[in-house]
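So you can see what is in the structure, the chains are spelled out below.
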Amino acid sequence: MSGTKERPDTPCVAVCSTTFDEICRGCGRTVTEVADWVFMNAEQKEVVWQRILSQGYPRRNS
């Protein structure tokens, strides 16, 4: 095994809200990260995944 983790294509959990700040309440990504996600390479996405997972995201119904 290569050591990379299997992840969903996106951290999106369809609980999208950036009402109070620039961080989505569902997935934990910034507005810019959400917009740029499809243009990021695997390494860039993994950096985001590591950060949001360490912060307790993605969250459903929160």
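Cut-offs applied
- Each chain has its residues counted from 1, following the order in which its sequence is written.
- In view of the model being predicted, local features appear only for residues whose pLDDT reaches at least 70, and side-chain atom pairs are presented and counted only at 80 or more, with totals across whole chains, interfaces and linings using the full set of residues.
- The side-chain numbers reported here are obtained from all heavy atoms of the structure, hydrogens and water having been left aside.
- Residue burial is assigned from relative accessible area. The probe radius is 1.4 Å, only protein chains are included, and a residue is buried under 20% of its type maximum, exposed over 50%, and partly exposed in between.
- A helix here means a DSSP run of H or I that spans at least four residues, while a strand means a run of E at least two residues long, and both kinds are numbered starting from the N terminus.
- Expected span of a helix, by definition, is 1.5 Å for each gap between consecutive residues, and there is one gap fewer than residues.
- The arc in question is the one traced by the directions running from the helix axis out to the C-beta atoms.
- Contact criterion: two residues are considered in contact whenever any of their non-hydrogen atoms come within 4.5 Å of each other.
- As used in this structure description, the phrase polar contact means that two N or O atoms lie within 3.5 Å; if the pair is within protein, one of them must be able to donate a hydrogen and the other to accept it, and residues adjacent in sequence are counted only when both atoms belong to side chains.

Digging into unusual backbone geometry
For the bond running from Tyr-57 to Pro-58, omega is -10 degrees, close enough to zero to count as cis. In the Ramachandran plot, Ala-14 falls in the positive-phi region, its phi being about 60 degrees despite a non-glycine side chain. Taking the relative accessible area as the measure of exposure, Ala-14 reaches 67% and is therefore exposed.

Description of helix 2 (residues 42–54)
Here helix 2 spans 18 Å end to end across 13 residues, near enough to the 18 Å set by a 1.5 Å rise per residue. Restricting attention to buried positions, one finds in helix 2 the residues Val-48, Trp-49 and Ile-52. Looking down the long axis of helix 2, one finds its buried residues gathered within 105 degrees of arc, a one-sided arrangement. In this structure, helix 2 carries Glu-43, Val-47 and Ser-54 as exposed residues pointing more than 90 degrees from its buried face. Against helix 1 (31–36) lie the buried residues of helix 2. Capping the start of helix 2, Asn-41 holds a side-chain oxygen 3.0 Å from the backbone nitrogen of Glu-43, two or three residues further along.

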